[in-house]
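# Per-entry structural report
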Amino acid sequence: MNLSAKQGEKFAHAGLALLLLGLLPLALGPYWLNLVGKYLAFSFVAVGIVLAWGYCGILSLGQGVFFGFGGYAMAMFLKLEASAPELPDFMVWSSVEQLPFWWEPYSSFGVTLASIFLVPIPVAFIFAYAIFRKRVSGVYFAIVTIALSMTLVVLNIGQQGETGGANGITDFSTLLGFDIIDDAGKKAIYWVEVALLLTATTLAALLLHSRFGKLLIAVRDREDRVRFSGFDTAMIKAFIFTVSAVLSSVGGAMFALQAGLVTPSLIGAVTSVELVIYAAVGGRLSVVGAVVGALLVGFTKSYLSEHYPETWLFFLGGMFIFVVWVLPNGLADLFRKILRVKT
Amino acid sequence: MDNALVTTHFAVASQRPESIAASQPVNAKSTLMNGKILSIEALTVSFDGFKAVDGLDMSIDENELRVVIGPNGAGKTTLLDMICGKTKPTSGSIRFRGTELSKLSDYQIVRLGVGRKFQTPSIYEDLTVAENLEISIPQVHGVWASIFFRRTKEVRERIAYVAEEIMLKDHLRMKSGKLSHGQKQWLEIGMLLMQDSDLMLLDEPVAGMSPREREETAELLKRIANGKSLVVIEHDMDFVRSIAKKVTVLHQGRLLSEGSVEEVQNDPRVIEVYLGH
Amino acid sequence: MPTTSIKEAIVTFGILVMQLFNGLSLFTILLLMALGLAIVFGLMGVINMAHGEIMAMGAYTTYLTASFFERHLPGLMDVYLFVAILLAFCVTFAFGYLLERGFIRWFYHRPLDTLLATWGLSLILQQTYRSVFGAQEVSVPLTAWLSGAWEPTESIQLPLNRIFIVALTILVTLGVWYILHKTRWGLRARAVTQNRAMSSAVGIDTNRVDALIFALGSGLAGIAGSVFTMVGSTNPGTGQLYIVDSFIVVVFGGVASLLGTAASSFLIAQMQTTLEYLMSGSMAKVAILLLVITVLYFRPNGLFASKVRT
């Protein structure tokens, strides 16, 4: 084919849009489309990981924290709507008498939406800036994020009455009066999700093409030099980390809508690390690759877990090793070679 | 922090083809410091008891080109590390036009006008020569400014201008990783020029260069010394002689001798240190 | 009345001692795990997320040894423990050696990639254990001469097997320190990790040293696993229980310092058991984590790291 790098990228974005907007909705029935929707939720996080890890070298193994946050925020709203005017069922089972104060705001859709987009911003930024200011190494950062996600899981499970504990929150029925359980409802959610996702991928691509995108790469490869060019690299890193946090939060909210269920396992280390693999398989330097990777790995997971449950972990572990060892830039690299795109 | 500032900045600079110096506002503080751009007092840094720099007193005048020499381990690189903020001194003070540097972060010091060139060329190997220079544009250091930055004509002209000074005009689109060692050194100097630093710290700028390249570098340094202050660490005495007016000799973290090249070369203490041990 | 308050004091003292001692078993396991990690992470900069599974390997080896003895050498059950510990060490040591040579060495200079690759390995190992040993827990029989307790006073009961574990840990720690600091091999190992090029230039086989260091770290995890069987039952997920805590211990103590690792494991273990006494287990973990993150924030190189010229 022989394309330039820029052409190759536009080709990829167009292909993705075609796939998500045209091919899949036409070819797949409601059950499969819903599965796609679930994995697309993960791909939001994967895009964030491409930005933060692929381009800036920040490996966070705790994206589940923000993913879970978005998911629980949406879940709380949906649950309150489904249970109104009574308390959510799991609270009743745990003899909780009154709605916990921090649930109150989530009876409003506006607040829920705002919190999904806005709450991660100060949290992620302050956390990241404080840490990066201290020049903590990438490894330490990764370990701290794992530890934090594990802690949050423990906290969540511990407060069974208020968070649904290990069972999570489920049994949603409507969103602002629209049915979200039937096929039509799920399809509508799919369109919203794809719209959001394609917006996110486009914005991410634009960001990467700006001077800021080059800065990210510079920080990843030579942070010292960037500082000596007068940049506050902690600010740059904290910024991109915050972007990926917001993306993860949005993904979590979409997941709640698509899957109809949120559990503490979404927050934990296992999910967080798996999310990194979705990005790695697709290609840590490719935004489109991240989405495709999430879909591919996600489907493999569903297939294997159903038919050969014992082999899923072997496959996943093998995937980790394979991607890191043999294909560091993921499938996207393979595609580039096949289509002979100039790097 | 926005493009308008960048444009005006370069517009002024492009009116002065004979030197790369941008407009130099008369700095009130520099008169306070008696025309000294850098003033170091009792500077000491100790690593687990070992004093790499010990009670050093030194000063650099505005628009001076000072060369610092000394045997290995004399503390020369550590001195530069402390000035540019890479290492924090244990005690003492470093004043740049009246501002105390030892309390600031490295990137803040850069924004004040201090630029550092490292011993081993420290450039962005994955980016092209033009991109390397572009990243060094001052006043576009914020995140938002970087996102919305546009490569205007002024920017392009400035890059071309600096590229010509550092003799890399024909290599603008080349990935900088592919340059020769000497060219990488020049690129790094070019990045400092783009940054428009008033004080440039150059650590062994001709290390690993051929004699021809050394000559060219000497010419380059003499050109850019117009309107800027330079501190150069070097070992090659021929090179030193070709550019230096005043030389500072360090030994074991302390000032050993200071003066013109001849004075220093004839100083018995210097002779002993270089030849005696 | 005076006599009652003295009695109360003795009882309280006894409780304190017991509490301290309880913290010790967690401390020993953490320390053994952390030592192995510190050696590999601190000396080589390799993050081995499968370290927990190697510990489980030691535990499962111990279990297999116990089963073998039970079936074929019932008369020698009293000494199976020593054989098991030795075997656990040898198996994990060998595994570590092969792992380094065949897998880990390809990821040097890419610490984040090593992290991911070894995480993948840990998943594979966990599933292997599940497939081979089943998902349920297995345990080893208690050695006869280690059951019971030492009672120096009325109110203090120190279980014998815990005393044994503490003694073993002290022995192992001293052994490691001795090997690294007092033997020629240890000197070579430290030389390689500090200056590879020079070490190679003076004729040290750096590849072999790398492999042996990694093997030593794995062997220590194997011993930790063996020790673990004496205080709990093993299941495929056991390794995951301790891996994050062990990393936290290593990072908290200062990666390059054995003393730091020891002190840090002690501190964290003690804090954990004390806090668990006062608040629920999960809150204790949260509190410790926040504390560690805060300390690391002010001393990013750990509590016991020295200022090094960058």
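Residues numbered from 1 in each chain as written. Chains lettered and ligands numbered in written order. Predicted model: local features only at pLDDT ≥ 70, side-chain atom pairs only at ≥ 80, totals over all residues. Heavy atoms only, no water.

### Here's the deal with the overall build of chain A
The helix and strand tally for chain A stands at 15 helices and four strands. Over its C-alpha trace chain A gives a radius of gyration of 20 Å, about what one expects of a compact globule, namely 20 Å for 343 residues. Its C-alpha atoms give chain A principal-axis dimensions of about 60 × 50 × 40 Å. For chain A, with 343 residues in total, the buried portion stands at 57%. Looking at chain A as shown, the accessible area adds up to about 13,600 Å², and 68% of this sits on carbon and sulfur atoms. Counting 22 positive and 20 negative side-chain charges, chain A places the averaged centre of each group 21 Å from the other. (Helix = DSSP H or I, 4+ residues; strand = E, 2+ residues; numbered from the N terminus. Rg over C-alpha atoms; globule rule 2.2 N^0.38 Å. Buried < 20%, exposed > 50% of the residue type's maximum accessible area, 1.4 Å probe, protein only. Areas by Shrake-Rupley, 256 points an atom, 1.4 Å probe, with all protein chains shown as cover. Lys, Arg positive; Asp, Glu negative; His and termini not counted. Charge placed at Lys NZ, Arg CZ, Asp CG, Glu CD.)

### Structural notes on the overall build of chain B
Looking only at helices and strands, one finds 12 helices and 10 strands in chain B. Counting across all 277 residues of chain B, residues that qualify as buried make up 55%. Residue pairs in contact within chain B that sit at least 24 positions apart in sequence constitute 69% of those at least 6 positions apart. For chain B, the accessible area works out to roughly 12,100 Å², and carbon and sulfur atoms hold 51% of it. (Contact = heavy atoms within 4.5 Å.)

### Examining unusual backbone geometry
Of note in the backbone geometry, A42 of chain B takes a positive phi value of approximately 50° without being a glycine. Along the chain, the position of A42 of chain B falls in strand β1 (residues 36-47).

### Focus: the interface of chain C and chain A
Taken together, the contacts link 36 residues of chain C with 36 residues of chain A. Summed over both sides, the interface between chain C and chain A buries roughly 3,400 Å², with carbon and sulfur atoms accounting for 81% of that surface. When the buried area of chain C at its contact with chain A is split by residue, L112, L116 and Y297 of chain C rank highest and sum to 20% of it. Linking chain C to chain A there are one salt bridge. With a shortest N-O distance of 3.4 Å, R284 of chain A and D113 of chain C are connected by a salt bridge. The interface formed by chain C and chain A includes three residue pairs in polar contact (both at pLDDT 80 or more). When residues of the side of chain C that touches chain A are traced back to their parent elements, those giving at least two are α4 (111-133), α9 (238-253) and α11 (281-298) of chain C. Counted by class, the side of chain C that touches chain A contains 27 nonpolar, six polar and three charged residues. (Buried area = accessible area lost by both parts, 1.4 Å probe. Salt bridge = Lys/Arg side-chain N within 4 Å of Asp/Glu carboxyl O. Polar contact = N/O pair within 3.5 Å; in protein donor to acceptor, adjacent residues only side chain to side chain. Nonpolar A, V, L, I, M, F, W, Y, C, P; charged D, E, K, R; others polar.)

### Quick notes on the nonpolar core
Taken as a class, soluble globular proteins show a tendency for nonpolar side chains to be buried jointly. Counting residues in each nonpolar core, the largest one holds 262 residues, and the members touching the most others are L20 and F212 of chain A together with L133 of chain B. If we ignore the near neighbours within four places in the chain, the residues touching L133 of chain B are I159, V162, A163, I166, L172, L187, G190, M191 and M194 of chain B. Counting 31 residues, the second-largest nonpolar core is a separate cluster that includes L38, L80, I83 and L250 of chain B. (Core = buried A, V, L, I, M, F, W, Y, C linked by side-chain atoms within 4.5 Å.)

### Comments concerning the sheet that holds strand β3 (residues 65-69) of chain B
All names here are of chain B. Pairing is mixed across the open sheet formed by six strands, whose spatial order is β6-β7-β8-β3-β9-β10. Across the chains shown, the open sheet's two edge strands, defined by having one partner strand only, are β6 (114-117) and β10 (254-259). Averaged over all adjacent pairs, the angle separating strand axes in this sheet is 20°, with direction ignored. Pairing of strand β7 (residues 199-203) with strand β8 (residues 229-233) involves five bridges; the strand directions are parallel. Looking at the pairing, L201 lines up with V231 of β8. The strands touched by helix α3 (residues 76-84) within the sheet are β3, β6, β7, β8 and β9 (246-251), with β7 carrying the most contacts at an inclination of about 145°. (Pairing = 2+ DSSP bridges. Axes fitted to C-alpha atoms, helices over the stretch in contact; angles between N-to-C directions.)

### Focus on a nonpolar patch on the surface
Residues and elements named next belong to chain A. Taken together, the side chains of L113, F117, L118, I121, V192 and L196 make up a nonpolar region of the molecular surface, amounting to roughly 460 Å² of accessible area. Contributions of two or more residues to the nonpolar patch are made by α5 (109-118) and α9 (183-209). Among the elements that line the nonpolar patch, the one with the most residues is α5, at three residues. Tracing the chain through its elements places I121 in helix α6 (residues 120-133). Residue classification places I121 among the partly exposed residues on the basis of a relative accessible area of 35%. (Patch = residues over 30% accessible without salt bridge, like charges linked within 9 Å, V, L, I, M, F, W, Y side chains within 5 Å.)

### What about the interface of chain A and chain B?
Each side of the interface is counted separately: chain A has 24 residues, and chain B has 32 residues. Counting the surface lost from both chain A and chain B, the interface buries some 2,500 Å², and carbon and sulfur atoms represent 59% of this. Of all residues in chain A, the largest losses of buried area upon contact with chain B belong to R211, R225 and F228 of chain A, amounting jointly to 35% of the total for that side. Our count for the contact surface shared by chain A and chain B stands at three salt bridges.

### Examining helix α13 (residues 287-307) of chain A
Residue and element names in this part refer to chain A. Under the 1.5 Å per step criterion, the end-to-end length of α13 is 31 Å for 21 residues, consistent within 8% with the ideal 30 Å. Among the residues of α13, those classed as buried are V287, V288, G289, A290, V291, G293, A294, L295, V297, G298, S302 and L304. For α13, the secondary structure elements touched by its buried residues are α1 (5-27), α2 (30-54), α9, α12 (269-282) and α14 (309-325). (Expected span 1.5 Å × (residues − 1).)

### Looking at the packing of aromatic side chains
Under the definition given, this model contains 36 aromatic pairs over all chains. Between the aromatic rings of W325 of chain A and F103 of chain C, the centroid separation amounts to 5.5 Å while the plane-to-plane angle is 75°, which identifies the pairing as edge-to-face. Pair noted here: W325 of chain A is in helix α14 and F103 of chain C is in the loop between α3 (80-102) and α4, and the two residues belong to different chains. Take W325 of chain A: its relative accessible area is 34%, and that puts it in the partly exposed class. (Phe/Tyr/Trp six-rings, centres within 6.5 Å; stacked < 30°, edge-to-face > 60°.)

### Quick word on the pairing of strand β4 (residues 91-96) of chain B
Residue and element names in this part refer to chain B. Relative to β4, β1 runs antiparallel, the two sharing five bridges. When the sheet's bridge partners are listed, T44 is paired in β4 with S91. As paired strands, β4 and strand β5 (residues 99-100) are joined by two bridges and run antiparallel to one another. From the neighbouring strand, R95 faces β5, where its bridge partner is E100.

### Brief notes about the sheet that holds β5 of chain B
Residues and elements named next belong to chain B. Spatial ordering of the open sheet is given by β2-β1-β4-β5, a layout of four strands whose pairing is antiparallel. Unpaired on one side and paired on the other, β2 (50-61) and β5 mark the two borders of the sheet. Here α3 sits on the sheet in contact with β1, β2 and β4, set at roughly 115° to β1.

### A closer look at the packing of helix α2 (residues 51-72) of chain C against α4 of chain C
All names here are of chain C. Interaxial distance between α2 and α4 falls to 10 Å at its minimum, and their mutual angle equals 20°. Classified by the interaxial angle, the pair formed by α2 and α4 is roughly parallel. With respect to the hand of their crossing, α2 and α4 are arranged in left-handed fashion. Along the contact surface, α2 presents E53, A56, M57, Y60, Y63 and L64, while α4 presents S122, L125, Q126, Y129 and F133. Among the residues forming the contact of α2 with α4, the class breakdown is eight nonpolar, two polar and one charged. (Parallel < 35°, antiparallel > 145°, perpendicular 65-115°, else oblique. Left-handed = near helix turned anticlockwise from the far one by under 90°.)

### Concerning the environment of I293 of chain C
Relative to the helices and strands, I293 of chain C is located in helix α11. Distance from I293 of chain C to F252 of chain C, taken between C-alpha atoms, is 8.6 Å for residues 41 residues apart in sequence. Among residues more than four places away in sequence, those in contact with I293 of chain C are V144 and L148 of chain A.

### What about the packing of helix α6 (residues 184-194) of chain C against helix α8 (residues 206-229) of chain C?
Residues and elements named next belong to chain C. The geometry of α6 relative to α8 is characterised by a closest axis approach of 10 Å and an angle of 105° between their N-to-C directions. Relative to α8, the element α6 is oriented roughly perpendicular. Of the residues in α8, those touching α6 at W185, A189, V192 and T193 are T206, V209, D210, L212 and I213. Along the lines of polarity and charge, the residues of the contact of α6 with α8 split into six nonpolar, two polar and one charged.

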